[in-house]
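# Commentary on secondary and tertiary structure
The lines below spell out each chain.
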2 protein chains.
Amino acid sequence: MVADPLSRLVQELAKLPGIGERTAARLAFHILRAPESYARQLAEAILDLKARLRECEICCMLTEAERCRVCCEARRDAALVMVVATPQDLLAIERAASYQGTYHVLHGLLSPLDGVGPDALRIKALLARCGSGAAGAPALREVILATRPSVEGDATALYLARLLGPLGVRTTRIASGVPIGGEIELADGVTLHRAIEDRRELR
Amino acid sequence: MVADPLSRLVQELAKLPGIGERTAARLAFHILRAPESYARQLAEAILDLKARLRECEICCMLTEAERCRVCCEARRDAALVMVVATPQDLLAIERAASYQGTYHVLHGLLSPLDGVGPDALRIKALLARCGSGAAGAPALREVILATRPSVEGDATALYLARLLGPLGVRTTRIASGVPIGGEIELADGVTLHRAIEDRRELR
C-alpha cells in the first residue's frame, strides 16, 4: 500500500541497529515533512562518510588526511601506544582527556567463532610500529592494551602481549576499572582514567 | 576530535525525532562499517523520497503517480470519504482492511496555538470533492471524520462538519471509547465518559 519511495526508505532505515519498522516509518515521515535541504544534507553526509574517511597511516584511526589528529599532535608521546578495538573507544578515551600518548586502532577483536582472526585486525601495522627504532631498540616504550574486559578483549590482549613480548616492548593491560562485560565506549571519564592509571604488566 | 564527515553525519542524524547524539553516533558507525552499497542505497532512498512523492490530485495522499492507489481502485466507494490527518493514519486504517471507501488526507490538524489554520490543511480540496455532483446534488454521500479524539482532532472535525453541513453532505465522526482488548480499569476518565455517552442499543 505504501507509496514506493516511502517503503523503500523505511526498508533501508530498518536495517540500522535498534531501528524497527515502526521507528523507521516515523523517521521517514519526518524526513518527508522536513525541508528538502535537510534530506539533501543527510544523504550527502551518508555518502561523504564512506567517500572521505580512511585510516591513519600510523594508528589506523579514521581520518580525512593521511594522518589522524592525534598522530599529528607534537605534544603526544609517540613511544606510548594505547591499543583500542574501535574508533569509538578511542573517542571515549580522548573525551576523558587524561591520556597523553598515541593510539592504535585494531578495528575489531579476535573472535574465532565469528571468523575474526588476526589478519582481520590491524595487528601487522602495530608490529611495524614496534620495529622501527634506532640501533635495533624498539621504537615504542610501552603498549597499553585497552581492549574491553571480555572473552574477546582479553584473548586479543593476551595474543598481542605474546607477540609484543619478544620484541622487547613493555606491554600493559588497563585495569578492570571498567565494569566486567561493559563497553569501553560507554564508560565515564573517571573510570577510564582509573583504568589507565592501574594498568599492569602482562607476561 | 571526531573526523569531520563522521561528526557531520552524527549531527544530521541527531536532528531526527527520538535520535540523540549517542544513538546517532551508533548509527553513523554502523553505516561506516556496512558495505558501501548500503550507504548508497540509504542516501538514494532519502533523496528519492522528496523527489518522487507528490500528493494525489483527488485525496492528497502521497503517491508517485497523479492518483494514489486507493483512488485508482475501481471497487472503492468514491462517494464515501474518510477524512484523516496524516498519510500514516490512512495506512493504519488500510492495514485494518475493513474500510471500502476512499480517503481525504488533511496533512495536519487545526492548531491555532501552533499557527496551523484552515489554509495549511487540504480543506479546499475536500470541499471541491463535495461540489462536483450531477444536477446540483452533492457528489459525496458521506464524509467520515476520522481525526483523533483530542482537542485538535475534535476541533478540526467540528470545523469540517460546519463547512460540510450546508453542502448537504452527511457528516459522521468515528466512535471513540475503550479500545478493543483494553482494560476498563486502566482507561482514563475522559475515555470512559465518552464511551458511556456514545453507548448504543444492543439487540
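Described in the following lines is the structure provided in the data block. Just so we're clear, the structure is a prediction, and the values are computed from it rather than from any experiment. Sequence order sets the numbering: in each chain, residues are counted from 1 along the sequence as written. All chains are assigned letters beginning at A, and all ligands numbers beginning at 1, according to the order in which they are written. Selection of residues for local features in this predicted model requires a pLDDT of at least 70, selection of side-chain atom pairs for listing and counting requires 80 or more, and totals for whole chains, interfaces and linings are taken over all residues.

### Some points on the sheet that holds strand β4 (residues 101–105) of chain B
Residues and elements named next belong to chain B. Definition in use: The pairing criterion for strands is at least two bridges between them, as found by DSSP. Going along the chain from the N terminus, every DSSP run of H or I of four or more residues is numbered as a helix, and every run of E of two or more is numbered as a strand. An axis is simply a line fitted to the C-alpha atoms; with a helix, the fit covers only the stretch in contact. Between two such axes, the angle follows the N-to-C directions and lies from 0 to 180 degrees. Note on contacts: residues are paired as contacts if their backbone-placed C-beta atoms lie within 7 Å.
Ordered in space as β4-β3-β5-β6, the four strands form an open sheet in which the pairing is parallel. Each edge of the open sheet carries a strand with a single partner, namely β4 and β6 (170–173). Ignoring strand direction, the axes of neighbouring strands in this sheet form an average angle of 25°. Two elements, strand β3 (residues 77–84) and β4, share five bridges in a ladder whose sense is parallel. Note on β4: the bridge partner recorded for V84 is V105. Lying on the sheet, helix α5 (residues 87–96) is in contact with β3 and β4; it crosses β3 at an angle near 125°. The strands touched by helix α7 (residues 151–164) are β3, β5 (142–145) and β6; relative to β5, the strand with the most contacts, the crossing angle is about 165°.

### Quick word on the environment of B:P87
Residue and element names in this part refer to chain B. Put simply, the rule reads: Three exposure classes are used, all based on how many other C-beta atoms lie within 10 Å of a residue's own C-beta (placed from the backbone): buried at 20 or more, exposed at 12 or fewer, and partly exposed between those limits.
Note on placement: P87 falls in helix α5. Look at P87 and you get buried, because 24 C-beta atoms sit within 10 Å. Separated by 20 residues in sequence, P87 and H107 place their C-alpha atoms 7.3 Å apart. What P87 contacts, discounting residues up to four positions off in sequence, is M61, L62 and V105.

### Some words on unusual backbone geometry
Residue and element names in this part refer to chain A. Unlike most non-glycine residues, A97 shows phi in positive territory, near 60°. With respect to the secondary-structure elements, A97 resides in the loop between α5 (87–96) and β4 (101–105). For A97, a count of 11 C-beta atoms within 10 Å puts it in the exposed group.

### As for the pairing of strand β3 (residues 77–84) of chain A
Residues and elements named next belong to chain A. Here is the rule: For the handedness criterion, the strands are oriented away from the viewer, and a crossover whose path from the first strand over the helix to the second runs clockwise is classed as right-handed.
The parallel pair β3 and β4 is bridged by α5, and the resulting crossover is right-handed. Bridge count for β3 against strand β5 (residues 142–145) is four bridges, and the pairing is parallel. The residue bridging V83 from the neighbouring strand is L145, located in β5.

### Overview of the environment of A:Q100
Residues and elements named next belong to chain A. Of note, Q100 is situated in the loop between α5 and β4. The spatial distance from the C-alpha of Q100 to the C-alpha of V81 is 9.6 Å, given a sequence separation of 19 residues. Sequence-distant contacts of Q100, that is, excluding residues within four places in its chain, are made with R76 and D77.

### Some thoughts on the packing of helix α3 (residues 36–52) of chain A against helix α3 (residues 36–52) of chain B
This is how the line gets drawn: Our angle categories are set so that under 35 degrees counts as roughly parallel, over 145 as roughly antiparallel, 65 to 115 as roughly perpendicular, and the remainder as oblique. Throughout, the ten residues Ala, Val, Leu, Ile, Met, Phe, Trp, Tyr, Cys and Pro are labelled nonpolar, Asp, Glu, Lys and Arg are labelled charged, and all others, Gly among them, are labelled polar.
Two elements in contact, α3(A) and α3(B), have axes separated by 9 Å at closest approach and are oriented at 170°. Regarding the angle of α3(A) to α3(B), the classification is roughly antiparallel. Along its contact with α3(A), which presents A:E36, A:A39, A:R40, A:L42, A:A43, A:I46, A:L47, A:L49 and A:K50, the element α3(B) presents B:E36, B:A39, B:L42, B:A43, B:I46, B:L47, B:L49 and B:K50. In terms of residue class, the contact of α3(A) with α3(B) is built from twelve nonpolar, no polar and five charged.

### Some thoughts on the packing of helix α1 (residues 4–13) of chain A against helix α2 (residues 21–33) of chain A
All names here are of chain A. Convention followed: Two helices cross in a left-handed way if the nearer one is turned anticlockwise from the farther one by less than a right angle. They cross in a right-handed way if the turn is clockwise.
The N-to-C vectors of α1 and α2 enclose an angle of 125°; their axes lie 8 Å apart at closest approach. Viewed along their axes, α1 and α2 adopt a mutual orientation that is oblique. The handedness of the crossing between α1 and α2 is right-handed. For the pair α1 and α2, the contacting residues are L6, L9, V10 and L13 in the first and E21, A24, A25, L27 and A28 in the second. A per-class count over the contact of α1 with α2 returns eight nonpolar, no polar and one charged.

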